[in-house]
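Residues per chain are reported as follows:
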Amino acid sequence: MLIPIEELKLLYARAIADVTDSPPRPLPSAERYQGGFRFLRNGAEYRLAFDALESPECMTLQTNLEFVSGRAGLEAMRRLVAQLNAEKQGVKFVLVEAPAPFVVCSVEAILAGYRRIPNTEVAETILQSAVRRLEDVTEEIRLDLGQRR
């Protein structure tokens with residue numbers, strides 16, 4: 001069964017409205033069944049992405065660690081990303097090297113059983129949990145880096 005992307009867009013737009021006051025902005029996608037939104041919360045920008053064809057039951061939430069960008073050179077950033085991936089459970093860190101290096105922090109979540117559309121309550125709960133997790137982790141990293149200086 002093919003899951004309509006429009007239904008997932010409505011579901012996630014409503015869930016985002018519950019975690020922030022800023023309206024979600026659609027992310028452009030080259031793929032027909034992929035979608036996503038960009039939104040702000042507490043001064044940080046988040047990107048929620050999903051794939052209605054391949055895995056409608058999953059979503060990915062990402063934010064950039066702006067305070068880490070270009071901080072101490074590329075090699076130091078590579079070591080930091082490896083360390084963060086080893087220490088922080090349930091969160092993935094990726095170093096993007098071009099044009100200026102920065103670190104992406106992401107959480108993936110399963111919202112429903114295999115290939116089923118998540119319902120509104122589950123989407124809201126999972127999104128709130130993912131946002132809180134990213135906020136907690138980014139604050140921990142900010143404090144750790146501040147103490148190292």
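Residues numbered from 1 in each chain as written. Predicted model: local features only at pLDDT ≥ 70, side-chain atom pairs only at ≥ 80, totals over all residues. Heavy atoms only, no water.

Focus on the confidence of the model for the protein chain
- Here the protein chain averages 88 in pLDDT, and 94% of its residues register 70 or above.
- No element of the protein chain has a lower mean pLDDT than helix H3 (residues 120-148), which averages 90, and none a higher one than strand S1 (residues 25-26), which averages 96. (pLDDT = per-residue confidence, 0-100. Helix = DSSP H or I, 4+ residues; strand = E, 2+ residues; numbered from the N terminus.)

Side note on the layout of surface pockets
- In this model, the largest pocket occupies a volume close to 260 Å³.
- In this structure, the largest pocket is lined by 16 residues; those nearest its centre are Ala44, Thr63, Asn64, Thr138 and Arg142.
- Among the elements of the structure, strand S3 (44-51), strand S4 (55-64) and H3 are those that each provide at least two residues to the lining of the largest pocket.
- Split into classes, the residues belonging to the lining of the largest pocket amount to four nonpolar, five polar and seven charged. (1 Å grid on protein atoms, 1.4 Å probe; cavity = no way out; pocket = protein on both sides within 12 Å on 5 of 7 lines; lining within 4 Å. Points joined across faces, edges and corners; volume = space filled by probe spheres on them. Nonpolar A, V, L, I, M, F, W, Y, C, P; charged D, E, K, R; others polar.)

Topic: the environment of Glu108
- For Glu108, the location among the structural elements is in strand S6 (residues 102-110).
- The sequence separation of Glu108 and Phe50 amounts to 58 residues, and the corresponding C-alpha distance is 9.9 Å.
- Those residues in contact with Glu108 that lie beyond four places of it in its chain are Met59 and Thr60. (Contact = heavy atoms within 4.5 Å.)

Here's the deal with the pairing of S4
- In this sheet, S4 lies alongside S3 in antiparallel orientation, the contact comprising five bridges. Note that in S4 the partner of Leu48 across the bridge is Leu61.
- Where S3 folds back on S4, the antiparallel hairpin that results is connected by three residues.
- As judged from the seven bridges shared by S4 and S6, these two strands associate in the antiparallel manner. (Pairing = 2+ DSSP bridges.)

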